[in-house]
Protein chains: 2
Amino acid sequence: MYIERIESPSDVKKLSVSELEVLKDEVRATLLKKLSEHGGHIGPNLGMVEATIALHYVFNSPIDKIVYDVSHQSYVHKMITGRKEAFLDPEKYDDTSGYSEPSESEHDFFVIGHTSTSVSLATGLAKARDLKENKENIIAVIGDGSLSGGEAYEGLNNAAELGSNIIILVNDNQMSIAENHGGMYQNLQLLRDTEGKAECNFFKTFGFDYLYVKEGNNVESLIEAFQKVKDIDHPVVVHINTVKGKGYKFAEENKERFHAGGPFDLETGKPNSSNNSENYSDLTAKYLLKKMKEDKTIVVISSATPTVLGFNQERRKQAGKQFLDVGIAEEHAVAMASGLAANGAKPVYGVISTFIQRAYDQLSQDLCINNNSALILVYWASISSMNDVTHLGIFDIPLLSNIPNMVYLAPTNKEEYFAMMEWGIKQTSHPVAIRVPYYGGVISTGEKINENFDQLNRYRITKKGSKVAILGLGSFYQLGESVIEILKKEAGISATLINPRYITGMDVDLLNNLKKDHSLVVTLEDGALDGGFGEKIARYYGADDMKVLNFGIKKEFIDRYSVDKILKENHLTAPQIVADILNSFR
Amino acid sequence: MYIERIESPSDVKKLSVSELEVLKDEVRATLLKKLSEHGGHIGPNLGMVEATIALHYVFNSPIDKIVYDVSHQSYVHKMITGRKEAFLDPEKYDDTSGYSEPSESEHDFFVIGHTSTSVSLATGLAKARDLKENKENIIAVIGDGSLSGGEAYEGLNNAAELGSNIIILVNDNQMSIAENHGGMYQNLQLLRDTEGKAECNFFKTFGFDYLYVKEGNNVESLIEAFQKVKDIDHPVVVHINTVKGKGYKFAEENKERFHAGGPFDLETGKPNSSNNSENYSDLTAKYLLKKMKEDKTIVVISSATPTVLGFNQERRKQAGKQFLDVGIAEEHAVAMASGLAANGAKPVYGVISTFIQRAYDQLSQDLCINNNSALILVYWASISSMNDVTHLGIFDIPLLSNIPNMVYLAPTNKEEYFAMMEWGIKQTSHPVAIRVPYYGGVISTGEKINENFDQLNRYRITKKGSKVAILGLGSFYQLGESVIEILKKEAGISATLINPRYITGMDVDLLNNLKKDHSLVVTLEDGALDGGFGEKIARYYGADDMKVLNFGIKKEFIDRYSVDKILKENHLTAPQIVADILNSFR
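Everything quoted here is computed from the prediction, not taken from an experiment. (Residues numbered from 1 in each chain as written. Chains lettered and ligands numbered in written order. Predicted model: local features only at pLDDT ≥ 70, side-chain atom pairs only at ≥ 80, totals over all residues. Heavy atoms only, no water.)

J.: What exactly am I supposed to notice about the overall build of chain A here?
T.: Counting secondary structure elements, chain A contains 24 helices and 18 strands. What you see for chain A is a C-alpha radius of gyration of 26 Å, in line with the 25 Å of a compact globule of 586 residues. Principal-axis analysis of the C-alpha atoms gives chain A an extent of 80 × 55 × 50 Å. The buried share of chain A, reckoned over its 586 residues, is 67%. Contacts in chain A between residues far apart in sequence, at least 24 positions, make up 76% of those at least 6 positions apart. Accessible surface, chain A as shown: approximately 19,400 Å² in total, 47% of it carbon and sulfur. (Helix = DSSP H or I, 4+ residues; strand = E, 2+ residues; numbered from the N terminus. Rg over C-alpha atoms; globule rule 2.2 N^0.38 Å. Buried < 20%, exposed > 50% of the residue type's maximum accessible area, 1.4 Å probe, protein only. Contact = heavy atoms within 4.5 Å. Areas by Shrake-Rupley, 256 points an atom, 1.4 Å probe, with all protein chains shown as cover.)

The structure is reproduced here in structure tokens:
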């Protein structure tokens, strides 16, 4: 096999074009074997096999620098740049990350996980090259939905003016995670239909030189195109027409499902394990579909991750014009939600914790200053969700909760979640966000919650005790229950348990009352401590005799961690918390 | 005068076109009189006189809804919609804000101050209209540099797909605050040159219908164009060619200086008062120009506000390719800075506090996860800077300081600022931001500071005392000095004064040492308390006997406030702080 002899891109350059054709098949088979056994990003990598081989055949990495947008399509790049064992040897499958990673290889320049960043990063590399009077090629690989994000546009707008070498490789696979959304994608269609000849050309409007490659999964065509633009002295876009999931029948047929996922059966394309347990995505979609039928002004918004909200293709169809996927465009999603609310509609925007941070200014300016009543559902906000450094779910509390006017709610179970959602949709006084529980899965108490949440910042005492009070926020409420139990058993302390419910404000009366018969308040939050909920409680009691212990995650970028290990390191197991509590009395 | 009879847009509709011509002159004269006496946004409003009159002549506000981007060009709109007294009567000049304001009028739909938001907000209004099966026109007015921001692109991309009425009025005045930057502006040039006929059309690439108006300062042409698109059943862009500063010689000649400013002499165009005192913008530019000469890899970046960094036209010319204005594109600025650092250059990005929040995700993902050594200078970060609700300078500490890897420094005076900048440029280990002092102006101690700041999170005790320790952060350090003085005089307490210098970390040793002979730690910060610096100190001492008092601004959107009043409300005068300290001992 050729692939076993590829130690670096120079080994690719030694092959003939017909040998590259064999290599390409080997690479694809290797990808499919690993991905079917291990899971990962499937469609994006299958579509980029030929382009990646051609890039390394023509360009001289790492002198020439390739920046992959989102970088979840960089698996083939990793195989070619000295990391093939992580694809060939099942024992080593986890030796590389799923994204580009400078600590792994000199061929990687950035850790990248969010979309639409490559052009700006590459423009920086190119400008630095110019200042140093060097001559290398700088290549940004963008596509697979990334063109819809505003940062990509800001990057294109500025890259076009660079005045020197920068090559933007647009991987046009006609898809985002789900289908593409946005008028600009019709222009890509026009360019494909006219084989790049249409005068009305999105890239040319910026001033880019432009080259179209019809056969984006043909190594020879790609090599020819890349040779044309190599060492070019001005900005150019190379638009390649590829097939997402290329070469694997099931992935070509169902591009959305095969964007990424866990292990699957190569023969049938079926996932090895199907999780049929109750989950909040599914429950939310069912609930919202029902609400939408009752109220035609409810509109559910997603920014390219509809299934996180439970809206699979069938449900999107059912929802019709009341469901809106804006593509990877979180800024637009938040601002549009504000506009919808301002004109009397009821927007519900569902978004993953790590992606809501792409819209801070819109949350503050477009939404909260205007105090419009959009509802935002924040998913996967937990140390136990995605564990890639670029996708951490622990920064949403600092981000959202320090914005004035925002009401950020933390339900502790299923019943509370739906009661809060019901209120969030109905009320018209505040921008409301709900931190959808994650840690611990769907927990049902069976309790019927009828109350509305109009009276802001009322915490709820669920067990009255003394000496120690535990504020168990959101999905760490159950951790609080465990702490209470152990405290009782081990130290005979009958502690108070509190469900704060509101992340964005203090229940001053309740906190004051605690002073009567408590000497320690403990906060538990499933997120970063810095800028979070607990610190506000510490500030509140700062000048009192009340002692405060804040439990949460320390400020740090962590990557591919074991949840148990991180919980332990941060003293977040119930026995550790009890030990710290008892320690504080010494 | 006609203007005195305009109570609402219906009064505009009663006028003949020749009467509108007179009205237009009256409006412009009124604008010039007020602006020369009062200050405000000059060029943007002078250029929009005719378009605003024509909009209200043709459309039926507030049923038809007009959304102004940035909204600093909405003065004429305000005059026409019942708020003319705030322009005619000097006593009432401050009765309206400088931005659109729903609390002032039913003709305003959003408070808007940051750029590039109008299309997304308008798309929300339009979608809500469709869900309610109404028929009104929705108009977004964008231009004056706003098209360079990513949110505008995300909005355009989605608005184009709306499938129903939305009218995007592109006010092409060929300017941003300074000159426009970005490839797309060359397309606007092409469209102007071809009177809208070029096939390569930025707006058409999204699928918009398109109409060009050559005479964007001609009421009749505009009325004709607006009548054509009124009640249109699909998305359309109306591209109008206007002159920024139209009708006032000095503003047409010097568009950058007349973008906005204080009172000026109508006859000569000269500012009434010139501030010749030492300021950090000027000092910074001088310093950076010198450094750039010594090191060709230093590159200074601005996102459309070059003069905030002291880089006026002459200095930009001097800096040559080492100065880069990316237009209103903060996301690109941060990502590009990271790319520059990754390829061995030394980027210095200067940005206003309220605008750095437009790039949270880029700060976190592109810059800090990659731990690249860009230097960011954060200007106007103070309760005493801009006092419009959309431009508050008090949220940068919560925003920046809770991101891992970021080193955010708070210099207390001129010497410290430059020592930190020197280190920030030289070091290659961290992303560094400096909170440029604002409150209190330029304070010089004459002290020579040679140290480097490699050892992170070392606070500096500047006056050793006991019982009470004051942590005076950044430009509130001098407030700390006053507190110390009064404490001594009034209560005989010889307190410790500390300059924390580092916002992003705890000096654990120092804080621990304080426990020996202090019982109260006081933090002072010129910013929002929630998510800020003081809360971290409160958390640190949570389980100790040490009491902590945090002083800063409470979480709240405040508008056109008196600084003194807000300081008092937040107990931020030295006597109030002393009183609170003494109170805490009772």
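J.: Sorry if this is basic, but what is going on with the relation of the copies chain A and chain B here?
T.: The operation relating chain A to chain B is a screw motion whose rotation component is 180°, with 0.0 Å of axial translation and a residual RMSD of 0.0 Å. Here the transformation between the copies is reduced to the relation of a two-fold axis. Same-surface contact between copies: 100% of interface residues of chain A are shared with the interface of chain B. (Least-squares fit on C-alpha atoms with pLDDT ≥ 70 in both.)

J.: Would you explain the packing of aromatic side chains in this entry?
T.: Any two aromatic rings considered together are summarised by their centre-to-centre distance and by the angle between their planes. Evaluated as defined, the whole model comprises 47 aromatic pairs over all chains. Pairing Phe311 of chain A with Phe323 of chain A gives two aromatic rings, centres 4.8 Å apart and planes at 25°, and the pair type is stacked. With Phe311 of chain A in the loop between strand E8 (298–302) and helix H14 (313–319) and Phe323 of chain A in strand E9 (residues 323–325), this residue pair connects regions lying 12 residues apart in the sequence. One aromatic cluster in this structure is built from Tyr153, Phe202, Phe203, Phe206, Phe208 and Tyr210 of chain A together with Tyr153, Phe202, Phe203, Phe206, Phe208 and Tyr210 of chain B. (Phe/Tyr/Trp six-rings, centres within 6.5 Å; stacked < 30°, edge-to-face > 60°.)

J.: Can you help me understand the interface of chain A and chain B in this one?
T.: By convention, interface size is frequently given as the accessible area that disappears when the constituent parts associate. Tallying the contact residues gives 108 residues for chain A and 109 residues for chain B. For the pair chain A and chain B, the summed buried area comes to about 8,900 Å², and 55% of that belongs to carbon and sulfur atoms. Run the count over chain A and chain B and you get 10 salt bridges. For Asp361 of chain B, the salt bridge goes to Arg358 of chain A, with nearest N and O atoms at 3.1 Å. At 10 residues, helix H7 (residues 118–131) of chain A tops the list of elements feeding residues into the side of chain A that touches chain B. Residues of the side of chain A that touches chain B, tallied by class, amount to 39 nonpolar, 41 polar and 28 charged. (Buried area = accessible area lost by both parts, 1.4 Å probe. Salt bridge = Lys/Arg side-chain N within 4 Å of Asp/Glu carboxyl O. Nonpolar A, V, L, I, M, F, W, Y, C, P; charged D, E, K, R; others polar.)

J.: Would you mind showing me how to read the pattern of salt bridges here?
T.: Pairs can form between side chains of opposite charge once their charged atoms are near each other. All names here are of chain B. As enumerated under the stated definition, the model contains 72 salt bridges over all chains in all. Between Arg129 and Asp130 there is a salt bridge whose closest N-O contact spans 3.0 Å. Residue Arg129 is classed as buried on the basis of its relative accessible area of 2%. With a shortest N-O distance of 3.1 Å, Arg501 and Glu451 are connected by a salt bridge. Placement of Arg501 in the loop between strand E16 (496–499) and helix H21 (508–517) and of Glu451 in the loop between strand E13 (432–435) and strand E14 (460–463) is noted, with a sequence separation of 50 residues between them.

J.: Just to check I follow, could you spell out unusual backbone geometry for this structure?
T.: Between Ser61 of chain A and Pro62 of chain A the backbone carries a cis peptide bond, its omega angle lying at 5°. Inspection of the secondary structure puts Pro62 of chain A in the loop between helix H4 (49–58) and strand E2 (65–68). Of note, the phi angle at Trp380 of chain A is positive, near 55°, even though the residue is not glycine. Assignment of secondary structure puts Trp380 of chain A in the loop between strand E11 (375–379) and helix H18 (396–401). Judged by relative accessible area, which is 27%, Trp380 of chain A ranks as partly exposed. Even without being glycine, Glu133 of chain B reaches a positive phi, approximately 55°. The residue Glu133 of chain B is located in the loop between helix H7 (118–131) and strand E3 (138–143) in this model. Given the relative accessible area of 62%, Glu133 of chain B is considered exposed.

J.: Can you help me understand the sheet that holds strand E14 (residues 460–463) of chain A in this one?
T.: Think of a sheet as strands paired side by side through backbone hydrogen bonds, with each pair either parallel or antiparallel. All names here are of chain A. The sheet built from 5 strands is open, its strands ordered E14-E16-E15-E17-E18 with mixed pairing. The two strands at the open ends of the sheet, each matched to only one other strand, are E14 and strand E18 (547–553). Taking the axes of each pair of neighbouring strands and ignoring which way they run, one obtains an average angle of 25° across the sheet. Both strand E15 (residues 467–472) and strand E16 (residues 496–499) contribute to a ladder of 3 bridges, which runs parallel. Across the sheet, residue Leu471 finds its bridge partner in E16, namely Ile498. Each of E15, strand E17 (518–528) and E18 touches helix H24 (residues 574–584); the most contacted strand, E18, lies at about 155° to it. (Pairing = 2+ DSSP bridges. Axes fitted to C-alpha atoms, helices over the stretch in contact; angles between N-to-C directions.)

J.: Help me out: how do you make sense of the pairing of strand E3 (residues 138–143) of chain A in this one?
T.: When a strand is regular, its side chains alternate between the sheet's two faces. Residue and element names in this part refer to chain A. Most of E3 sits inside the fold, with 6 of its 6 residues counted as buried. Of the two faces of E3, the one carrying Ile138, Ala140 and Ile142 and the one carrying Ile139, Val141 and Gly143 are both buried. As judged from the 4 bridges shared by E2 and E3, these two strands associate in the parallel manner. Opposite Lys65, over in E3, you have Ile138 as the bridge partner. In terms of handedness, the path from E3 via helix H8 (residues 150–159) over to strand E4 (residues 166–172) forms a crossover that is right-handed. (Right-handed = clockwise from strand over helix to strand, strands pointing away.)

J.: So what exactly am I meant to see when it comes to the sheet that holds E11 of chain A here?
T.: Residues and elements named next belong to chain A. The sheet built from 6 strands is open, its strands ordered E9-E8-E10-E11-E13-E12 with parallel pairing. Edge positions in the open sheet fall to E9 and strand E12 (407–409), since each of these has one partner strand only. On average, adjacent strands in this sheet sit at an angle of 20° to one another, irrespective of strand direction. Bridging between E12 and strand E13 (residues 432–435) involves 3 bridges; their strand directions are parallel. Within E13, the residue paired with Val407 across the bridge is Val432. Packing of helix H19 (residues 414–426) onto the sheet brings it into contact with E8, strand E10 (346–352), E11, E12 and E13, and relative to E11 it is tilted by some 150°.

J.: Looking at this structure, how should I read H8 of chain A?
T.: Every α-helix winds through 3.6 residues per turn, so residues three or four apart in the chain are directed the same way. Burial within H8 of chain A is extensive, with 10 of its 10 residues counted as buried. Taken together, the buried positions of H8 of chain A are Gly150, Glu151, Ala152, Tyr153, Glu154, Gly155, Leu156, Asn157, Asn158 and Ala159 of chain A.

J.: Explain the packing of helix H2 (residues 17–38) of chain B against helix H5 (residues 75–83) of chain B here, please?
T.: Describing two packed helices takes the angle between their axes plus the distance from one axis to the other. Residue and element names in this part refer to chain B. The interhelical angle for the contact between H2 and H5, taken along N-to-C directions, is 115°, at an axis separation of 11 Å. With respect to their mutual orientation, H2 and H5 come out roughly perpendicular. H5 is crossed by H2, and the crossing has right-handed handedness. Contacts between H2 and H5 involve Val27, Thr30, Leu31 and Leu35 from the former and Tyr75, Val76 and Met79 from the latter. Residues belonging to the contact of H2 with H5 are distributed by class as follows: 6 nonpolar, 1 polar and no charged. (Parallel < 35°, antiparallel > 145°, perpendicular 65-115°, else oblique. Left-handed = near helix turned anticlockwise from the far one by under 90°.)

J.: Looking at this structure, how should I read the environment of Lys33 of chain A?
T.: All names here are of chain A. Tracing the chain through its elements places Lys33 in helix H2 (residues 17–38). For Lys33, a relative accessible area of 39% gives the class partly exposed. For the pair Lys33 and Asp265, spaced 232 residues apart in sequence, the C-alpha to C-alpha distance is 9.7 Å. Among all residues touching Lys33, those that are not within four sequence positions of it are Pro90 and Tyr93.

J.: Got a minute to help me understand the environment of Ala86 of chain A in this structure?
T.: Residues and elements named next belong to chain A. Along the polypeptide, Ala86 turns up in helix H6 (residues 85–88). Remark: the alpha-carbon pair of Ala86 and Asp295, spanning 209 residues in sequence, is separated by 51 Å. Those residues in contact with Ala86 that sit more than four places away from it in its chain are Lys34, Lys92, Tyr93, Asp95 and Thr96.

J.: Got a minute to help me understand the pairing of E4 of chain A in this structure?
T.: Residue and element names in this part refer to chain A. With 7 of 7 residues buried, E4 lies mostly within the body of the structure. Because side chains alternate across E4, one face comprises the buried residues Ile166, Ile168, Val170 and Asp172, and the other comprises Ile167, Leu169 and Asn171, equally buried. Taken together, the 5 bridges between E3 and E4 define a ladder with parallel strand orientation. Its bridge partner being in E4, Ile142 is matched across the sheet by Val170. Pairing between E4 and strand E6 (residues 235–241): 7 bridges, direction parallel. Within the sheet, the bridge partner assigned to Ile168 lies in E6 and is Val237.

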